[in-house]
Amino acid sequence: MTTTTVVRLLGDLAHGGAHAARAACACPPPEVLADRPDATVVRSGQVVAKAHAADSEFPALTARLELAASPAMAGILLPPLPSPAPPPGGADGRAVSLWPYGVPVDPADPDAAPWEEAAVLLAGLHRTPPPHVLPPMRGPAKAARAVARMTTARPEDPTTLPVLAAWHGLPGWARGEGPAPGHRDGFLCHGDLHLGQLVRDPGRPAGWLLIDIDDAGLGDPAWDLARPAAWYAAGLLAPEVWLRFLEAYRAAGGPAVRAEGDPWPELDVVARALTVQTAALALAKSAAEERSPDEVEQLMIDACVRIASLPPELAAGSSS
C-alpha cells in the first residue's frame with residue numbers, strides 16, 4: 001500500500017488544482033480512487049492526482065503525457081491538466097500528473113457498458129498517425145510481468161503448469177521477445193483496454209474518453225482488442241456484446257482486424273496472451289490473499305488448460 005504521506009500529497013495537489021485561487025471552501029476530504037503497485041489515484045472535487053509507478057521511465061511517461069495532451073487525441077484520450085512539476089514529481093520520487101475527473105463506467109449496470117463507444121475510440125486511436133516519437137506499447141511486457149509475478153508467488157506450484165504451458169506455446173513476439181509480424185508494430189495503441197479505462201468526457205458528458213496512458217505507445221493494434229476477445233472466448237463476454245463491439249470497431253475503420261470475415265487470424269495469439277496474463281494475475285493475487293481463485297478467475301485458468309491442450313501447429317500460430 002502507498003504511504004500516507006504520498007496519499008496526503010496527492011490529495012493536496014488535487015485540491016490545489018481544483019481551487020487554483022486558494023479560495024476558502026468546504027470540500028470533503030480527498031478520496032482515494034485507486035491504490036495499486038502501478039498507480040495511486042486521489043480525487044478532490046473535479047481534479048484527480050495520480051502518482052505513477054515507481055519504476056516508470058520518465059522520458060517514456062513524458063512522451064505519453066504529451067500524447068494525451070496532443071490536439072490529435074481530442075475526443076479520444078482524456079487530456080491532462082498542467083502538472084505541478086514535470087516528471088519526476090515529488091511523491092517519494094514517483095512522477096505525478098493531474099487530470100480532470102470523469103465519471104467512470106458503472107460496474108453495477110453491465111447492460112449500460114459502453115462497448116460500442118470503446119470500439120469507436122480505439123478505432124480513432126489506431127487510425128491516428130503518431131504525433132511524435134513514442135515508446136513501444138507495453139501489452140506484451142505486461143503479459144510477461146504477470147507470468148513472472150505468478151511464478152514468484154507460487155514457486156513450483158502445479159496449479160501454474162497449464163498457464164505456463166499456454167505461455168510457452170505462444171510465439172516469441174507475443175511474449176515481448178521481438179516485433180509483431182507483418183510490420184504491425186507502428187500503430188498508436190492504448191495498451192491496457194478495459195471498461196475501467198473509460199470515463200465520461202467532463203466537457204461533454206454524453207461522450208466517453210479513454211484514460212490511463214501508462215501503457216500507451218506504438219505497437220500492434222490487435223492488443224487493444226485482445227482482452228474483450230479473450231473474455232468472449234472464455235465465456236465471460238456474451239457473444240452479442242462481442243459482436244457489437246467488433247462491428248462498431250470495423251464500422252469506424254479500425255485497422256486491427258480485416259474489414260469483414262473472420263477476425264481471429266489477427267486476434268487469436270493476442271487473445272491467448274491476454275488469457276494467460278489474466279490467469280497468471282489471478283493465481284498471483286489469490287496466493288497473496290491466501291484464497292482460492294474465484295469463479296471468474298477460474299474461468300480464465302480453465303481457458304489456459306484448453307489453450308495448453310492445443311495441437312502444436314495451432315498453439316504456435318501467428319496473427320500475420
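Whatever comes next refers back to the structure up there.
In this report, the structure presented in the accompanying data block is examined. Treat the numbers as computed from the prediction; the structure is a model and nothing was measured.

The next point concerns unusual backbone geometry. You will see that Asp212, though not glycine, has its phi angle at about 70 degrees, which is positive. By the secondary structure assignment, Asp212 is in the loop between β7 (204–210) and β8 (217–219). For Glu290, which is not a glycine, the phi torsion comes out positive at approximately 55 degrees. With respect to the element layout, Glu290 can be found in the loop between α8 (264–288) and α9 (295–308). Owing to a relative accessible area of 75%, Glu290 belongs among the exposed residues under this scheme.

A separate point is the pattern of salt bridges. Using the criterion set out here, one finds 17 salt bridges in the structure. Here Lys50 makes a salt bridge to Asp212, at a shortest N to O gap of 3.1 Å. Taken together, the positions of Lys50 in strand β3 (residues 47–52) and Asp212 in the loop between β7 and β8 put the pair 162 residues apart, joining distant regions of the chain. Taking relative accessible area as the criterion, Lys50 reaches 9% and is therefore assigned buried. Asp212 sits in the buried class, given a relative accessible area of 16%. Residue Asp157 pairs with Arg154 through a salt bridge whose shortest N-O separation is 3.0 Å. Relative accessible area serves as the criterion here: at 17%, Asp157 is assigned to the buried category. The network of salt bridges with shared partners includes Lys50, Asp212 and Asp214.

Evaluated as defined, the whole model comprises six aromatic pairs. Here the aromatic rings of Trp115 and Phe245 are separated by 5.8 Å at their centres, their planes lie at 85 degrees, and the arrangement is edge-to-face. With Trp115 in helix α3 (residues 115–127) and Phe245 in helix α7 (residues 239–251), this pair connects stretches of sequence that are 130 residues apart. In this structure, Trp115 and Phe245 share a single accessibility class: buried. Judged by centre distance (6.2 Å) and plane angle (25 degrees), the rings of Tyr232 and Trp264 are stacked. Placement of Tyr232 in helix α6 (residues 223–234) and of Trp264 in helix α8 is noted, with a sequence separation of 32 residues between them. One aromatic cluster is present, built from ring pairs that chain together Trp115, Trp231, Tyr232, Trp242, Phe245 and Trp264. Its end group placed over the ring of Tyr101, Arg43 keeps NZ or CZ at 3.6 Å from the ring centre.

Structurally, Thr275 can be placed in helix α8. Apart from the residues lying within four places of it in its own chain, the contact partners of Thr275 are Ala230, Met300, Ala303, Cys304 and Ile307.

This part covers the packing of α6 against α8. Packed helix pairs are characterised by how far apart their axes lie and by the angle those axes make with each other. For the pair α6 and α8, interaxial distance at closest approach is 7 Å and the crossing angle is 75 degrees. Taken together, the axis directions place α6 and α8 in an arrangement best described as roughly perpendicular. Contacts between α6 and α8 involve Trp223, Leu225, Ala226, Arg227, Ala229, Ala230, Tyr232 and Ala233 from the former and Trp264, Leu267, Val270, Ala271, Ala273, Leu274, Thr275 and Gln277 from the latter. Residue composition of the contact of α6 with α8, by class: 13 nonpolar, two polar and one charged.

What counts, and at which threshold
Residues numbered from 1 in each chain as written. Predicted model: local features only at pLDDT ≥ 70, side-chain atom pairs only at ≥ 80, totals over all residues. Heavy atoms only, no water. Helix = DSSP H or I, 4+ residues; strand = E, 2+ residues; numbered from the N terminus. Buried < 20%, exposed > 50% of the residue type's maximum accessible area, 1.4 Å probe, protein only. Salt bridge = Lys/Arg side-chain N within 4 Å of Asp/Glu carboxyl O. Phe/Tyr/Trp six-rings, centres within 6.5 Å; stacked < 30°, edge-to-face > 60°. Lys NZ or Arg CZ within 6 Å of the ring centre and 35° of its normal. Contact = heavy atoms within 4.5 Å. Axes fitted to C-alpha atoms, helices over the stretch in contact; angles between N-to-C directions. Parallel < 35°, antiparallel > 145°, perpendicular 65-115°, else oblique. Nonpolar A, V, L, I, M, F, W, Y, C, P; charged D, E, K, R; others polar.

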